[in-house]
Number of protein chains: 2
Amino acid sequence: MKIENPNPIQWHFSDRAQQLQASFIREILKITQRPEIISFAGGLPSPATFPVERMKEAFDKVLTDSGRVALQYGPTDGYAPLREWIADYLSTDGSKIVPEQILMVSGSQQALDLLGKVLIDEGSRVLVETPSYLGALQAFSVYRPEFKSVDTDEHGLVPSSIDAVAQGARLLYSLPNFQNPTGRSLSIERRLELVETCARLGLPLIEDDPYGALSYKGEPKPRMLAMNPDGVIYMGSFSKVLTPGIRLGYVCAPLPLVRRLELAKQAADLHTAQLTQMVVHEVVKDGFLDRHIPTIRTLYGNQCQVMLDALAEHFPADATWTTPEGGMFIWVTLPKQIDALKLLDQAIAARVAFVPGSPFYANEPETNTLRLSFVTVPPERIREGVAVLGKLIKDML
Amino acid sequence: MKIENPNPIQWHFSDRAQQLQASFIREILKITQRPEIISFAGGLPSPATFPVERMKEAFDKVLTDSGRVALQYGPTDGYAPLREWIADYLSTDGSKIVPEQILMVSGSQQALDLLGKVLIDEGSRVLVETPSYLGALQAFSVYRPEFKSVDTDEHGLVPSSIDAVAQGARLLYSLPNFQNPTGRSLSIERRLELVETCARLGLPLIEDDPYGALSYKGEPKPRMLAMNPDGVIYMGSFSKVLTPGIRLGYVCAPLPLVRRLELAKQAADLHTAQLTQMVVHEVVKDGFLDRHIPTIRTLYGNQCQVMLDALAEHFPADATWTTPEGGMFIWVTLPKQIDALKLLDQAIAARVAFVPGSPFYANEPETNTLRLSFVTVPPERIREGVAVLGKLIKDML
């Protein structure tokens, strides 16, 4: 029943579609999933931390108790008890968050897409850190903004540099805790200065916080959301504290914005799976995360220290790197003359992988940088891989 | 730690965000979820058809056998064994579909959003049926196309009317099986004529097919995909044959397009939950749907007949309605002078709900139309609700 001799389609893609590029990281990951490779390239949490049994019990309980509700279409804004739990979790003595401010999304990446959709016109100015999270650059790029990079130093984003680029900006995107890719965190003083600067400029401030709970020692620093709930858009995720494969995150935003985001989500995918939301609520409602997260902190903190020690032992004296107090990444700055892309070719030939730093820059990449993740690699393999990299770098100098 | 006297944000939304409107249907649903209301308004499948036990077993098995893989990040294009199963399911003797053509999405609504993102620029012409699926109009609207309605008659879309509006069109969106909202299906002859017309014009043809399997008698008609695999974009879903709350659908498209859609999906939400895809594969791989779908057909077919009988008994002689051979909807055309929106007000006061037809038209709505769904209402309540509507309509005449 096939028709004969159809004209071939001359695909006419949208201007927007021309912006779409495969994530460099996901391309590297395809190469580096071979088991013989020591990969520091991943941004994946360690599967050793996934509470599989607890999840299985919760799926069983929700499907047994309320299967027909869990498997039916649900509301766009999300499962009400989970939104209440999140609002409560985000509330502080000074700043009360209400459930109406919470929109459940299918992972934080969707929050980035919806924010781009609702806030960015072609040519709109968007402020990002130097360097910034690649997934955010990708999500926003679809809407064709003009990116302006905000200066950073060894302590992270420099708030005093915002004024120079703020003219007409639609938003500032920041990742204040254990940033991807640098592992840096903003001090409380910087947070206050950043929030005050944005509030003075009437500039919406996005606080993307997937790693905030993964502090190796001491409590996480206060959220910028609590410093100005009417001006900060907070993004949270269950990917790094529970499991990423279920695709569940949330955005907390001032009401005029969150209603727009909800409409955008309705048009984009109706709603996030009810079952997943009910299961996560079942898992977290009785304080499970308070017991579970410390085990992730210990694992990641130990492996981070192993990598820091190995870097000190094997890397040349004129290389520098960050010393994260949490999260999943170390950022290395090599001597200027080394191109991390070229190093990657040699490293892969020697069965070690990492992510070169260039793709994380919205403007003017620093080609002598790279990102290392230590969370999925056992200590002895971390030492082995860092030694290989150190030798390659010394040979290149 | 709150800052003092922040300037309130003057939200500057994108032009695109101005297009966002709450779905009229979802607004009605909020009113009509009260148990005392007999609601023909829903587009929801009957929860009585959800195979809860089978799903529960599959979640348990997947989490037991491969929990750490299922809960980890996954590939953007989807879980390979499920994509293979779908490619095999869609292949016919004359038209072989390969897994590379399949992109898994978080429900069909996401396929609509991705197609709009990748194919529609502001002002691009988009062809739709008269009337068409509201969710598609909503998803495409975000990208600000110029909608052109293609004529329909009592047998559905009229292919010979396409040429007049095809100039510069980016796509034609069609729903050939038991269409939402009309319940109409295209004959094989019309399908061939539609596919040939689009192929001659080099016009991408979207075949949205969530209800195709729900034929009350006889086998479903051949897919247009099989008639021209290089020119047809096929959208499928597990929502109506398994459960909607898991949010799982797929799109099958020619390779140049599907790779763009994959990149758009990567930027939009990275990937659809691995766990969900592995569970659905576990459920469907051994032919479960062949045993399960007939039970849905029987239930819906019986309730459809009850509603058709009630319409014949209670509605005035000059009202007409479609006689669906499958799916979930009947479309009623009332005498011209009756405004379905006014009827809805009175109906809700009398505790019966439906969806007025106007929102389903991209251009020039026919205000005397309405959509009735019979799948979630038991037979005696169908008779009662239709009797109430019939009396109200007769009173208005």
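Just so it is clear, the model here is predicted, and its values are computed rather than measured. (Residues numbered from 1 in each chain as written. Chains lettered and ligands numbered in written order. Predicted model: local features only at pLDDT ≥ 70, side-chain atom pairs only at ≥ 80, totals over all residues. Heavy atoms only, no water.)

1. Description of the packing of aromatic side chains
The full count for this structure, using the stated rule, is 17 aromatic pairs over all chains. Taking the centre distance of 5.9 Å and the plane angle of 85° together, the rings of B:Y211 and B:F329 count as edge-to-face. Of the two residues, B:Y211 sits in the loop between β8 (205-208) and α8 (224-227) while B:F329 sits in strand β12 (residues 329-333), which places them 118 residues apart along the sequence. The two residues B:Y211 and B:F329 agree in class, both being buried. Ring geometry for B:F315 against B:W321: centres 6.2 Å apart, planes inclined by 90°, an arrangement best described as edge-to-face. One aromatic cluster in this structure is built from A:W331, A:F360 and A:Y361. Over the face of the ring belonging to A:F288 we find A:R54, whose NZ or CZ atom lies 5.9 Å from the ring centre. (Phe/Tyr/Trp six-rings, centres within 6.5 Å; stacked < 30°, edge-to-face > 60°. Helix = DSSP H or I, 4+ residues; strand = E, 2+ residues; numbered from the N terminus. Buried < 20%, exposed > 50% of the residue type's maximum accessible area, 1.4 Å probe, protein only. Lys NZ or Arg CZ within 6 Å of the ring centre and 35° of its normal.)

2. Topic: the interface of chain B and chain A
On the side of chain A, 98 residues touch chain B, which itself brings 98 residues to the contact. Regarding the contact of chain B and chain A, the summed buried area is about 8400 Å², with carbon and sulfur atoms giving 60% of it. In this assembly, chain B and chain A are joined by two salt bridges. Linking B:D113 and A:K117 is a salt bridge whose minimum nitrogen-to-oxygen distance equals 2.8 Å. At the junction of chain B with chain A, the criterion picks out 50 residue pairs in polar contact (both at pLDDT 80 or more). Counting residues per element, the ones that place at least two in the side of chain B that touches chain A are α1 (15-18), α3 (52-70), α5 (108-119), α6 (134-141), α7 (188-201), α8, α9 (255-269) and α10 (274-284) of chain B. Ranked by the residues each element gives to the side of chain B that touches chain A, the list is headed by α3(B), at 10 residues. Residues that form the side of chain B that touches chain A fall into these classes: 51 nonpolar, 29 polar and 18 charged. (Contact = heavy atoms within 4.5 Å. Buried area = accessible area lost by both parts, 1.4 Å probe. Salt bridge = Lys/Arg side-chain N within 4 Å of Asp/Glu carboxyl O. Polar contact = N/O pair within 3.5 Å; in protein donor to acceptor, adjacent residues only side chain to side chain. Nonpolar A, V, L, I, M, F, W, Y, C, P; charged D, E, K, R; others polar.)

3. Regarding the relation of the copies chain B and chain A
Each copy superposes on the other: chain B lies on chain A with an RMSD of 0.0 Å after a rotation of 180° and an axial shift of 0.0 Å. Here the transformation between the copies is reduced to the relation of a two-fold axis. Here 100% of the interface residues in chain B have copies in chain A that are interface residues too; the copies meet face to matching face. (Least-squares fit on C-alpha atoms with pLDDT ≥ 70 in both.)

4. Describing the pairing of strand β10 (residues 249-252) of chain A
Residues and elements named next belong to chain A. Of the two faces of β10, the one holding G249 and V251 and the one holding Y250 and C252 are both buried throughout. As judged from the four bridges shared by strand β9 (residues 232-237) and β10, these two strands associate in the antiparallel manner. Its bridge partner lying in β10, S237 is registered against G249. (Pairing = 2+ DSSP bridges.)

5. So, the sheet that holds strand β7 (residues 169-174) of chain A
All names here are of chain A. Spatial ordering of the open sheet is given by β2-β10-β9-β8-β7-β3-β4, a layout of seven strands whose pairing is mixed. The open sheet has two free edges, formed respectively by β2 (102-105) and β4 (146-150), since each of these has just one partner strand. Neighbour to neighbour, the strand axes of the sheet diverge by 20° on average, direction disregarded. Judged from the three bridges that link them, β7 and strand β8 (residues 205-208) form a sheet pairing that is parallel. Residue pairing in the sheet places L172 in a bridge with L205 of β8. Together, β2, β7, β8, β9 and β10 form the strand contacts of helix α5 (residues 108-119), whose direction differs from that of β9 by roughly 155°. Across the sheet, helix α9 (residues 255-269) lies against β2, β9 and β10, angled at about 25° from β2, the strand it touches most. (Axes fitted to C-alpha atoms, helices over the stretch in contact; angles between N-to-C directions.)

6. Digging into the packing of α5(A) against α9(B)
When two helices pack together, their arrangement is given by the angle between their axes and by how far apart the axes lie. Two elements in contact, α5(A) and α9(B), have axes whose closest approach is 5 Å; the angle formed by their N-to-C orientations is 100°. The orientation of α5(A) with respect to α9(B), classified from their angle, is roughly perpendicular. Of α9(B), the residues touching α5(A) (which contributes A:Q109, A:Q110 and A:D113) are B:Q266, B:A267, B:A268 and B:D269. Per-class residue counts for the contact of α5(A) with α9(B) are two nonpolar, three polar and two charged. (Parallel < 35°, antiparallel > 145°, perpendicular 65-115°, else oblique.)

7. A few points about the UniProt feature "domain: Aminotransferase class I/classII large" (unreviewed entry) in chain A
What UniProt calls "domain: Aminotransferase class I/classII large" (unreviewed entry) maps, in this numbering, to residues 49-388 of chain A. Span residues 49-388 of chain A is 41% helix and 16% strand, its end C-alpha atoms 27 Å apart. (UniProt positions renumbered as here; feature names shortened; annotations may be inferred.)

8. Re α7(B)
For α7(B), with 14 residues, the first-to-last C-alpha span of 20 Å sits near the 20 Å given by 1.5 Å per residue. Just downstream of α7(B), B:G202 is the residue with a positive phi angle, here 65°. (Expected span 1.5 Å × (residues − 1).)

9. A short note on the pattern of salt bridges
Tallied over the full model, the rule gives 34 salt bridges over all chains. With a shortest N-O distance of 2.7 Å, A:R259 and A:E262 are connected by a salt bridge. Placement of both A:R259 and A:E262 in helix α9 is noted, with a separation of three residues, approximately one turn of the helix. According to the relative accessible area criterion, A:R259 is partly exposed, its value standing at 31%. Residue classification places A:E262 among the buried positions, given a relative accessible area of 13%. A salt bridge links B:D121 to B:R170; its shortest N-O distance comes to 3.2 Å. Placement of B:D121 in the loop between α5 and β3 (125-129) and of B:R170 in strand β7 (residues 169-174) is noted, with a sequence separation of 49 residues between them. By the burial criterion, B:D121 is buried, and B:R170 matches it.

10. Some details on the environment of A:L194
Residues and elements named next belong to chain A. Relative to the elements of secondary structure, L194 occurs in helix α7 (residues 188-201). Residue L194 is classed as buried on the basis of its relative accessible area, which comes to 0%. When near neighbours in sequence (up to four residues on either side) are disregarded, L194 contacts L157, P159, I162, L172, S174, L186, L205 and M224.

11. Regarding the sheet that holds strand β14 (residues 355-356) of chain A
One key point about sheets: their strands pair by backbone hydrogen bonds, in either a parallel or an antiparallel sense. All names here are of chain A. The sheet built from four strands is open, its strands ordered β11-β12-β15-β14 with antiparallel pairing. The sheet is open, and its two edges are formed by β11 (320-321) and β14, each paired on a single side. In the sheet, strand β12 (residues 329-333) pairs with strand β15 (residues 369-373) via five bridges, with the strands oriented antiparallel. Its bridge partner lying in β15, V332 is registered against L370. Sheet strands in contact with helix α11 (residues 288-314) are β11, β12 and β15, and its direction is about 15° off that of β12.

12. A few points about the nonpolar core
Ranked by internal contacts, the top residues of the largest apolar core, which has 286 residues, are A:F238 and B:F238. Not counting residues within four places of it along the chain, the set of residues in contact with B:F238 comprises B:L82, B:W85, B:I86, B:M104, B:T243, B:L248, B:Y250, B:V280 and B:V284. (Core = buried A, V, L, I, M, F, W, Y, C linked by side-chain atoms within 4.5 Å.)

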